[in-house]
Amino acid sequence: MIEPGTLWQRITETSRSAIACGALQPIETEQVIIEQNGIRFQARWVSSLKRKIQPKRENSPKPDNPFLPPEPELTVGEISHTHLGVLNKFNVIENHLLIITKAFAPQETLLDENDFDALCRCLPEFPSLSFYNGGPEAGASQRHKHLQLVPLPLNDNEPDLPIQPLLEKVTTTESIIRLPDLEFSNGFVRFADPLAPGDASRCNNWYLKLLDTLGIPGRRENGQTVQSRPYNLLLTRHWMLLIPRSREFHQEISVNALGFAGSLFVRERAQLDQLRTPGPMELLQSVAQPACQ
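Every residue gets a number counted from 1 within its own chain, in the order that chain's sequence is written. Note on the predicted model: pLDDT of at least 70 is required for a residue's local features to be given, and 80 or more for side-chain atom pairs to be given and counted; whole-chain, interface and lining totals, by contrast, use all residues. Excluded from the side-chain calculation are hydrogens and water; included are all heavy atoms of the structure.

Caption draft 1: How the structure looks around the side chain of threonine 109. Among the secondary structure elements, threonine 109 is positioned in the loop between strand S5 (97–101) and helix H3 (113–122). Polar contact is defined as a pair of N or O atoms within 3.5 Å, subject to the rule that within protein one atom must be able to donate a hydrogen and the other to accept it, and that residues adjacent in sequence are counted only when both atoms are side-chain atoms. Polar contacts involving the side chain of threonine 109 include one to the main-chain carbonyl oxygen of proline 106, which spans 2.7 Å. Those residues in contact with threonine 109 that lie beyond four places of it in its chain are Tyr132, Lys145, Gln224, Thr225 and Val226. The numbering of helices and of strands both runs from the N terminus, where a helix is a DSSP run of H or I of at least 4 residues and a strand a run of E of at least 2. We call two residues contacting when some pair of their heavy atoms lies within 4.5 Å.

Okay, here's the thing in C-alpha cells:
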C-alpha cells in the first residue's frame, strides 16, 4: 500500500523510469488559448495521436483489457485494498494517474464507496483534479472501471482550471445548484470542508444526490447497479460537478470530462477552427444534455 504523503513522489519516479524504458509514451501537443465568456479554454492539437490510434501489428496484439493486469512499468502501486494506481500510457498531461479497480468492473457501473475511498486517499496528496467518464458516450475509452487524476494547475501561469472563474462565483456550500453560466444540464456542490481520507461515505452521498437531482437513477443489470445515461464527473477536494451527456462527438471532436473543465483536445490542427467558431462553450453544449432535461 502506498504510504500517505508519498503518492506524488511515487508518480514522478514511476513516470521517469517508464519513459526511460519506453513503457510510457507521452503524446506531444501544441496548445492555444481560446477565450469565450470570460473562460480561457485550453485547446490542444494532439500532434502524435496517430501513434495511439494506429492498429497494432499482428505480432503485437492489443490486449482486450490493458488493466488486467496493468503493465508493471506503469504501475505506481496499491491505492487501497480495491484499487491500483497506474500511469496513463498515452498521456497528454504529465503525471496523469489512472485509479483502476483490481477486479474487473464495467465502466458503466455506478461509483461506490470503494471508488471514493481510493479518491479520498489521493486528492489530499497534491493539488489535483479527479474525473470520471461514465461510458463511451462520455469519452471513456476502456471498459474496465477507472477514475483519473491529473495535477493542478492544468496549465502554467493560468488558474488551476479554465472554468475557475465560474466556480468562484459559487459561495454556497453543502447545496446542489446548477452553474448558471453553463447553458446545459449540470449539478454542482461546494463542500464546507475539504475532502480528506475517510470521507468516502460523505463523497459517495453527494454523488448519489447529484445523480438523483439530474435524473440519472441507477438500474440493476446482471446483478450490478449501472448508470441509466452517460455522464461526466469532476471532483477536487473542494467541489463536485456532474454533467449528463448526450453523445461523445461533435463534428468529429471527442469530448471527455476534461472538456468541461475547459481543456479540449483535437486530433488535427484544422479542427481548432471548429472550436473558435462558434466557440468551445457551444461545443460543450452540443454534447451535453439540455438544461431543461
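Caption draft 2: Summary view of the state of the cysteines. Any cysteine sulfur atom paired with another within 2.5 Å is treated as part of a disulfide. Applying the stated criterion to the full structure yields zero disulfides. No disulfide involves cysteine 122; its nearest neighbouring cysteine sulfur is the one of cysteine 120, lying 9.3 Å away. With a 1.4 Å probe rolled over the protein chains alone, any residue whose accessible area is under 20% of its type maximum counts as buried; one over 50% counts as exposed, and the rest are partly exposed. Under the relative-accessibility criterion, cysteine 122 is labelled buried at 1%. No disulfide involves cysteine 203; its nearest neighbouring cysteine sulfur is the one of cysteine 120, lying 4.6 Å away. For cysteine 203, a relative accessible area of 0% corresponds to the buried category.

Caption draft 3: Focus on the sheet that holds strand S3 (residues 75–78). Spatially, eight strands are ordered S3-S4-S5-S7-S6-S11-S12-S8 in an open sheet, and the strand pairing comes out antiparallel. The sheet is open, and its two edges are formed by S3 and strand S8 (187–190), each paired on a single side. Recorded for the sheet is a direction-independent mean angle of 20° between the axes of neighbouring strands. Strand pairing is assigned whenever DSSP identifies at least 2 bridges connecting the two strands. Examined bridge by bridge, S5 and strand S7 (residues 146–151) share four bridges and lie antiparallel to one another. The residue of S7 that forms the bridge with isoleucine 100 is histidine 146. For helices, the fitted line uses only the C-alpha atoms of the stretch in contact; every axis is such a line through C-alpha atoms, and the angle between N-to-C directions lies from 0 to 180 degrees.

Caption draft 4: Local environment of the sheet that holds strand S15 (residues 263–266). Read from one edge to the other, the open sheet built from three strands follows the order S1-S2-S15, with strand pairing classed as mixed. The strands lining the two open edges of the sheet, one partner per strand, are strand S1 (29–36) and S15. Neighbour-to-neighbour, the strand axes of this sheet turn through a mean angle of 25°, independent of strand direction. As paired elements, strand S2 (residues 39–46) and S15 share four bridges and run parallel to each other. Bridged to tryptophan 45 within S15 is valine 266.

Caption draft 5: Structural detail: the environment of alanine 18. Tracing the backbone through its elements, the reader meets alanine 18 in helix H1 (residues 7–21). According to the relative accessible area criterion, alanine 18 is buried, its value standing at 0%. Sequence-wise, alanine 18 and leucine 74 are 56 residues apart; in three dimensions their C-alpha atoms are separated by 6.2 Å. Ignoring any residue separated from it by four or fewer positions in sequence, one finds alanine 18 in contact with Ala23, Leu24, Glu73, Leu74 and Leu87.

Caption draft 6: Expanded view of the nonpolar core. What is meant by a nonpolar core is a set of buried Ala, Val, Leu, Ile, Met, Phe, Trp, Tyr and Cys residues, joined one to another through side-chain atoms within 4.5 Å. Counting 45 residues, the largest nonpolar core has Phe116, Tyr207 and Met240 as its most contacted members. Residues contacting tyrosine 207, with those up to four places away along its chain left out, are Leu110, Leu111, Phe116, Tyr231, Leu233, Met240 and Leu242. Residues Trp45, Val46, Leu152 and Ile253 belong to the second largest nonpolar core, which totals 43 residues.

Caption draft 7: Quick peek at the packing of aromatic side chains. Between 30 and 60 degrees the pair is tilted, below 30 it is stacked and above 60 it is edge-to-face, where a pair is any two Phe, Tyr or Trp rings, Trp via its six-membered ring, whose centres lie within 6.5 Å. Scanning the entire structure with this criterion turns up six aromatic pairs. Judged by centre distance (6.3 Å) and plane angle (50°), the ring pair of tyrosine 207 and tyrosine 231 falls under tilted. With tyrosine 207 in helix H5 (residues 200–213) and tyrosine 231 in strand S11 (residues 231–235), this pair connects stretches of sequence that are 24 residues apart. Residues tyrosine 207 and tyrosine 231 agree in their burial class; the two are buried. Its end group placed over the ring of phenylalanine 191, arginine 202 keeps NZ or CZ at 5.3 Å from the ring centre. Whether a charge lies above a ring is judged from NZ of Lys or CZ of Arg, which has to be within 6 Å of the ring centre and within 35 degrees of the ring normal. Of note, lysine 209 hangs over the ring of tryptophan 206, and the distance from its end group to the ring centre comes to 4.6 Å.

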